[in-house]
Amino acid sequence: MTQRALELLLLVALGGVWGWAGDDPAWTFAGGLLGGLVWVLWDGLRARRVLDWLNRAEAQRAPALSGVWAELVDRNRKLIKKLEKKAQSSDHRLEDFLSAIQASPNGVVLLDAHGRIEWANLTAANQLGFDPQRDVGQYVRNLVRQPEFSQYLKHKDFEREVQIEGPGARAGQSTQISVQIHPYGKKRRLMLTRDVTAVQLAEAMRRDFVANVSHEIRTPLTVLSGFVETMQTVPLEESDRLRYLGLMSQQAQRMQTLVSDLLTLSRLEGSPAPGQGDWMPTQELLRHVLQEARGLSQAIAQPVHTIESLGDDSAWVSGSKSELLSAMSNLLSNAVRYTPPGGRIEAGWRLNADGSATFFVSDSGPGIAAEHLPRLTERFYRVDRSRSRETGGTGLGLAIVKHVVQRHGGGFDVQSVVGQGSTFALILPAVRVRQREAPALRE
Ligand code: ADP
């Protein structure tokens, strides 16, 4: 302040001295006034420089001034720097926030008060089929044109979500997208989207499964209760009574097998995969299931099947013994049940070049048409429904085999030609296969 007063005084004094040379007091006064005016102009120029710089609001290129102007510039420079830092950190925070929303597995769309897209993450754009950059500013109703969504926007029923069909990853493949709008701020809207295709598929499978199980149980139950009613109301000869009891026992057995297979499946789904620890000789597994198959053939076929063991029985395999036995015996019992009496069945283990091992069952049965092959491991899928029922099938055998194989990290394969028989194979990976002399076996 003092510096500015001194500058003013100096210029007024210089002007006065200059006027004084004119030998007239009026000139002295005028000179002083002129000096004052020059100072006001100079000061004004400095104020303009400061204002211009403030307008640019750049902390770096501050004007070089002295005195109170320098102090003013310095304080403002510090303030601008502080604001710049704050703005930078807000930008970073916003970027972090948007990257977090970008990474979300759910779709997020921000809409303005008129329903125009302000921002959308990639997930939402993919699920709804628009471009997250190009379509900013577009009305969402013009981009998402499914009638359910238009109705939803029209009725503003935002308490609930709406499901629409989204574009699939590939042509001809659609997805189910759940969309819900949440109003916020001043008439703005947050739109959340979720791909519910898998959930819906699982729900449909669950419904099918319950319907199938109910159907499978209802049939023998109806037969059973019919016999019970007959026996309660009609006086029967001893031979009829015995025949009825036999049929009833068959139906009860059928329900028991079904429940037992269902329990096996649920155990396979709900328990951890078997470890590498338990090693067993393939020879022993094979002997066990062949014996079972021969027993079954004697019980249901006349003449019995020729059941032969082939392949290499020198390997040991690791996994769950009970699960492997169940998978192997399912394949063999299918071969016995579906191959006409007197037919030929071959089963055994084969070692593959990559170290894996295959258990195979070949039969001379009716074979399976190619269109059925991909569906054989679905629960309750049967090619020949009546043959399956006649021989006590539940439609769950190959589903169990598939689960066992998956839990052991292996594969499942079916080769079949109608009229020429089928070959079913389960493959165990190399890590689960050892030759007889493997060190692990001597521990
Ligand atoms: P099921 O209890 O009905 O035998 P599976 O799941 O074991 O059920 O088999 C599914 C279907 O695959 C069977 O119903 C049958 O139609 C067919 N199938 C399985 N094994 C054979 C086979 N060796 N030869 C012909 N068809 C077979």
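Here the structure is a predicted model, which is why all the values come from computation and not from measurement.

## Quick notes on the pairing of strand β10 (residues 357–363)
No. 1: Among the seven residues in β10, seven count as buried, and that is most of the element.
No. 2: Burial along β10 is two-sided: the face carrying A357, F359, V361 and D363 and the face carrying T358, F360 and S362 are both buried.
No. 3: With seven bridges connecting them, strand β9 (residues 344–351) and β10 associate as antiparallel partners. Note that in β10 the partner of W349 across the bridge is F359.
No. 4: Following β9, the chain reverses through five residues before pairing antiparallel with β10; G355 in that reversal takes a positive phi of roughly 95°.

## Structural notes on unusual backbone geometry
No. 1: Here the bond from Q302 into P303 is cis, since omega is 0°, no more than 30 degrees from zero.
No. 2: With respect to the helices, strands and loops of the structure, P303 is situated in the loop between α9 (282–300) and β7 (306–311).
No. 3: Here F380, not a glycine, exhibits a phi torsion of approximately 70°, which is positive.
No. 4: For F380, a relative accessible area of 4% translates into the label buried.

## Points about the environment of S271
No. 1: Mapped onto the fold, S271 is located in the loop between α8 (238–270) and β6 (279–281).
No. 2: In this structure the side chain of S271 is engaged in a polar contact, spanning 2.8 Å, whose partner is the backbone oxygen of R267.

## Notes on the sheet that holds strand β13 (residues 433–435)
No. 1: The strand order β6-β8-β13 describes an open sheet built from three strands, whose pairing is antiparallel. Looking at strand neighbours, the two that pair on one side only are β6 and β13, the edges of this open sheet. The sheet shows a mean angle of 30° between the axes of neighbouring strands, direction not considered.
No. 2: Where β6 meets strand β8 (residues 315–318), three bridges bridge the pair, whose relative direction is antiparallel. The residue of β8 that forms the bridge with M280 is V317.
No. 3: α9 rests against β6 and β8 of the sheet, and its axis sits at about 60° to β6.

## Some thoughts on the domain arrangement of the chain
No. 1: For the chain, the domain assignment lists domain 1 (2–95), domain 2 (104–195), domain 3 (200–270) and domain 4 (279–434).
No. 2: Here the C-alpha centre of domain 3 lies 101 Å away from the C-alpha centre of domain 1.

## Details of the nonpolar core
Grouped burial of nonpolar side chains is what soluble globular proteins tend to show.
No. 1: With 44 residues, the main nonpolar core has V317, L331, L332, W349, F359, V361 and L426 as its most contacted residues.
No. 2: Elements that contribute at least two residues to this core include exactly α8, α9, β8, α10 (321–338), β9, β10, α12 (397–407) and β12 (421–428).
No. 3: Among the elements that take part in this core, α10 stands out by supplying eight residues, more than any other.
No. 4: When residues of this core are sorted by domain, at least three fall in each of domain 3 (200–270) and domain 4 (279–434).

## Digging into the pairing of β8
No. 1: Pairing analysis gives three bridges linking β8 to β13, with the strands arranged antiparallel. Across the sheet, residue A315 finds its bridge partner in β13, namely Q435.

## Comments concerning the side chain of R407
No. 1: Within the secondary structure layout, R407 lies in helix α12.
No. 2: Given the relative accessible area of 12%, R407 is considered buried.
No. 3: A polar contact of 3.2 Å, which involves the side chain of R407, links it to the backbone oxygen of P272.
No. 4: Excluding residues that lie within four positions of it along the chain, R407 makes contacts with L268, S271, P272, A273, P274, E323 and R432.

Conventions used here
Residues numbered from 1 in each chain as written. Predicted model: local features only at pLDDT ≥ 70, side-chain atom pairs only at ≥ 80, totals over all residues. Heavy atoms only, no water. Buried < 20%, exposed > 50% of the residue type's maximum accessible area, 1.4 Å probe, protein only. Helix = DSSP H or I, 4+ residues; strand = E, 2+ residues; numbered from the N terminus. Pairing = 2+ DSSP bridges. Polar contact = N/O pair within 3.5 Å; in protein donor to acceptor, adjacent residues only side chain to side chain. Axes fitted to C-alpha atoms, helices over the stretch in contact; angles between N-to-C directions. Contact = heavy atoms within 4.5 Å. Domains from an automatic or database assignment. Core = buried A, V, L, I, M, F, W, Y, C linked by side-chain atoms within 4.5 Å.

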